Amino acid sequence: MTRTLFIGLDGATFTILDELTSDPYGEGVTMPFLAGLIAGGHKAPLRSTNHPLTPPAWVSLMTGRNPGSHGVFDFVRFKDMGHDVYFTLYDARDIQDETIWSLAGRQGRRIVSLNFPMMAPPPEVEGCLVPGFTSWKHLRRNMRPEGLYDRIKAIEGFDPKELAWDFEREAKIGEDMPEDEVEGWVRHHLPREAQWFRIADTLLEQENPDLFAVMFDGTDKIQHQAWHALDPALRPAAPSESWLRLRALCLGYFRELDGYIRRLVERAGPDAQIFLASDHGFTASPRVVRINRWLGEKGWLTWRAAGDSEAEKRRESANFAYLDWTKTLAYCPTPSSNGIAIRVARGPGEPGVPEADYESFRDTLVAELKEMRDPLTGEKVIRDVLLRERAFPGAAMGDCPDLTLVLADYGFVSVRNVAPVVSMRATPTGTHHPDGIFIAAGPGIAPGASGRFSILDVPSILMHSLDLPVPRNFEGRVPDGLFAREVTIGPPSRRMAAGTAAEPQVADEASEAEKLRILEQLKALGYLED
Amino acid sequence: MDLAKVQELVFEVVAGLVADWDLDAEIGPTTRLVADLEFESIDIIQMVVAFEERLRKRNLGFEKLLMIDGRYVDDLSLGQIAAFLHQRLTVAA
Ligand SMILES: [Zn+2]
């Protein structure tokens, strides 16, 4: 019998959900079921990982550990070889801490886990696992257990192309889109979510696992491109026809989602405890900050002269730093990282800052970043600069950029070589806010509202809900007053054995071919470009 | 592992990969990834992961096969992949 139902909502925020669960504009209550769940349950804002990005945040929720420990910092990993920098995709094998799926499984609990990122290639689980962010062509091979694909294929209306992540389509995230194109975008995500719901509903009925977890990510996709139709602060005084149409479509999405939540909660039955959480929230980003352009103007970064070949042109337009690595001292590897990597020379004459100068170089960089201003308004554009040893402590810290930027508007940086460094967007785009959502309901849950929980608390809460001890090394806690029952602390989760996590590539294996090949597709994952 | 065994393994992994792609292509040594199996670059990444998983070994050095004289190869046959893997595994052993 399902004891614990967990529904992940990528990028969900109370900024939107508070409105959709009430009726401030006479549009009707868009999410009546969620409204009831919140009214009878427990609600809290949920603080994301220090860099509120989908892969590190969900992996923290799955491992109870911060990214400096679990090792996933971004969609893309980079490795500095001295003469070159190598980019590739993070995958499940890079996660260095045990997940709650594994912890539950080895303590006799069965699980179903659907659509979570960084779950391919799929680890062994006691139950069923379908990873998210996987193209339709590779779903069969990336599911557990064997034979699951055929079971899912038998579900009426199953269409792998509707269900799966489409790299080319998702490449459009962050682009300035005309309003009719945004409509198409929103429309597209409706059947996708319906596909995931049907799989969830079927497996919940067939498996009845102790822990059932599904993630819906249309929330994130729609909010990125249609934020201006959702954010109460951006609501136009006299809305245009096209704005009203887009708004209605977005509300339609959330109405459907409310229905999926209702049916899953009903299917799980009255004895199940229900938890909803997001990996981060959302807010408006009106500004573009071209961080590598800025580093170049300061003389710390040198652009590579691009050749005329198709491959080079593609490479230059990709969302990855394309630089002269013999001269560059500091660079932002990808827009989604919001990071700056400082290069330390491996020896005399090698590219980078001499090791003895690292601290002073970093101090200068931080001080100058904090003084960066919008030339139009004079406002500071960077809210905070995080040092990795403080923001991401742990064994994997070395894979994290030295600095992580929190922009004043929480936006993602641009890595393009375009002037000026700071400019405004035509329409504010949706970006990740550090505060997401947490909702709990069901028997044994104390109703009420709390101050902010941490995303690291969620796995502790889920373990406790499963009546399992909370691993001693989990960085979060079960917040006081959420459950009636006493919390037990148990043995720590396991570190993943060396070799299952990524081995660093040796220099001569990091050829341009591999990088280009991957980059071509990875453009797709490049967040928020101007 | 001898070449015949490696070839069998390559056919099996690639056949598994394309099982749901609605292709008519035969799987054999002359089957080409792009021309016959409609591979795109993300599919090559997935194929590399599939081999890594199957052989329980990361970093097989596939870029050496994908790039010749500083240029991308246009296509690859399964026979070429098998020969490459056979050579890599022999060196490693
Ligand atoms: Zn997200």
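Predicted model, so just to flag it, every value in this text is computed and none were measured. (Residues numbered from 1 in each chain as written. Chains lettered and ligands numbered in written order. Predicted model: local features only at pLDDT ≥ 70, side-chain atom pairs only at ≥ 80, totals over all residues. Heavy atoms only, no water.)

It is worth spelling out the overall build of chain A at this point. Scanning chain A for helices and strands turns up 17 helices and 19 strands. Taking all 530 residues of chain A together, 62% fall into the buried category. Residue pairs in contact within chain A that sit at least 24 positions apart in sequence constitute 71% of those at least 6 positions apart. Of the roughly 19,000 Å² of accessible surface on chain A, a fraction of 50% belongs to carbon and sulfur atoms. (Helix = DSSP H or I, 4+ residues; strand = E, 2+ residues; numbered from the N terminus. Buried < 20%, exposed > 50% of the residue type's maximum accessible area, 1.4 Å probe, protein only. Contact = heavy atoms within 4.5 Å. Areas by Shrake-Rupley, 256 points an atom, 1.4 Å probe, with all protein chains shown as cover.)

Attention now goes to the environment of Asp357(A). Along the chain, Asp357(A) falls in the loop between strand 11 (339-342) and helix 14 (358-370). Look at Asp357(A) and you get partly exposed, because its relative accessible area is 36%.

Quick look at helix 11 (residues 241-268) of chain A now. Counted at 1.5 Å a residue, the expected span for helix 11 of chain A with its 28 residues is 40 Å, and the 41 Å between its end C-alpha atoms agrees. Directly beyond the C-terminal end of helix 11 of chain A, a positive phi value near 95° is found at Gly269(A). (Expected span 1.5 Å × (residues − 1).)

A word on the packing of aromatic side chains. How two aromatic rings sit relative to each other is set out by the distance from centre to centre and by the angle between their planes. If you walk through the whole model with that rule in mind, you get 18 aromatic pairs over all chains. Look at Phe216(A) and Tyr260(A): their rings are 6.1 Å apart centre to centre, the planes differ by 25°, and that puts the pair in the stacked class. On the criterion of sequence distance, the pair formed by Phe216(A) in strand 7 (residues 211-216) and Tyr260(A) in helix 11 is long-range, its members being 44 residues apart. Between Phe438(A) and Phe453(A), the aromatic rings sit 5.3 Å apart at their centres with planes inclined by 55°, giving tilted as the arrangement. One end of the pair, Phe438(A), is in strand 15 (residues 435-441); the other, Phe453(A), is in strand 17 (residues 453-454), with 15 residues separating them in the sequence. For Phe438(A), a relative accessible area of 0% corresponds to the buried category. Looking at Phe453(A), the relative accessible area reads 5%, which means it is buried. Pairwise contacts between aromatic rings join Phe6(A), Trp58(A), Trp101(A) and Phe116(A) into one cluster. Positioned above the aromatic ring of Trp21(B), the side-chain terminus of Lys137(A) is 4.2 Å from the ring centre. Over the ring of Tyr25(A) we find Arg235(A), and its NZ or CZ is 3.6 Å from the ring centre. (Phe/Tyr/Trp six-rings, centres within 6.5 Å; stacked < 30°, edge-to-face > 60°. Lys NZ or Arg CZ within 6 Å of the ring centre and 35° of its normal.)

On to the coordination of the zinc ion. Residues and elements named next belong to chain A. Listed as protein donors to the zinc ion are Asp10 (OD), Thr54 (OG1), Asp279 (OD) and His280 (NE2); their distances from the metal cover 2.0 to 2.1 Å. Given four donor atoms and angles of 96 to 129° at the metal, the environment of the zinc ion is assigned as tetrahedral. The sequence pattern formed by the donor residues of the zinc ion is D-x43-T-x224-D-H. Of this pair, aspartate 10 sits in the loop between strand 1 (4-9) and helix 1 (14-20) while threonine 54 sits in helix 3 (residues 54-63), placing them 44 residues apart in sequence. Given the relative accessible area of 0%, aspartate 10 is considered buried. On the basis of relative accessible area, threonine 54 is assigned to the buried category, the value being 1%. (Donors = N, O, S within 2.8 Å, 3.2 Å for Na, K, Ca; no water. Tetrahedral: all angles 85-135°; square planar, octahedral: opposite > 155°, others 65-115°.)

So, about helix 9 (residues 179-207) of chain A. Residues lying three or four places apart along an α-helix face the same way, a consequence of the helix completing one turn every 3.6 residues. Compared with the 42 Å implied by 1.5 Å per residue over 29 residues, the 42 Å span of helix 9 of chain A between its first and last C-alpha is a close match. Positioned one or two residues after helix 9 of chain A, Asn208(A) has a phi angle of 45°, which is positive.

Our next topic: the confidence of the model for chain B. All names here are of chain B. Overall, the prediction assigns chain B a mean pLDDT of 84, with 88% of residues at 70 or greater. Per-element confidence in chain B ranges from a low mean pLDDT of 55 for strand 2 (residues 71-72) to a high of 94 for helix 1 (residues 3-17). ipTM for the predicted complex: 0.78, alongside a pTM of 0.90. (pLDDT = per-residue confidence, 0-100.)

Residues and elements named next belong to chain A. Taking strand neighbours across the sheet as the criterion, the four strands line up as 10-11-13-12 in an open arrangement whose pairing is antiparallel. Strands with a single pairing partner mark the edges of an open sheet, and in this sheet they are strand 10 (330-331) and strand 12 (382-387). Sheet topology note: the strand 10/strand 11 ladder contains two bridges and is antiparallel. Each bridged residue has a counterpart across the sheet, and for tyrosine 331 the counterpart in strand 11 is alanine 341. Sitting on the sheet, helix 14 is in contact with strand 10, strand 11, strand 12 and strand 13 (403-407), with an inclination near 160° to strand 12. (Pairing = 2+ DSSP bridges. Axes fitted to C-alpha atoms, helices over the stretch in contact; angles between N-to-C directions.)

All names here are of chain A. Assigned domains of chain A: these are domain 1 (4-134 + 174-280 + 434-505) and domain 2 (288-427). Each of domain 1 and domain 2 was reduced to a C-alpha centroid, and the two centroids are 29 Å apart. Counting residues at the interface gives 28 residues for domain 1, matched by 32 residues for domain 2. Counting each side, the surface lost to burial between domain 1 and domain 2 is near 2,400 Å², with a carbon and sulfur contribution of 60%. Residue aspartate 80 pairs with arginine 343 through a salt bridge whose shortest N-O separation is 2.7 Å. Among the elements of the structure, helix 4 (67-70), strand 3 (76-80) and strand 4 (85-89) are those that each provide at least two residues to the side of domain 1 that touches domain 2. Of the residues that constitute the side of domain 1 that touches domain 2, the class distribution is eleven nonpolar, twelve polar and five charged. (Domains from an automatic or database assignment. Buried area = accessible area lost by both parts, 1.4 Å probe. Salt bridge = Lys/Arg side-chain N within 4 Å of Asp/Glu carboxyl O. Nonpolar A, V, L, I, M, F, W, Y, C, P; charged D, E, K, R; others polar.)

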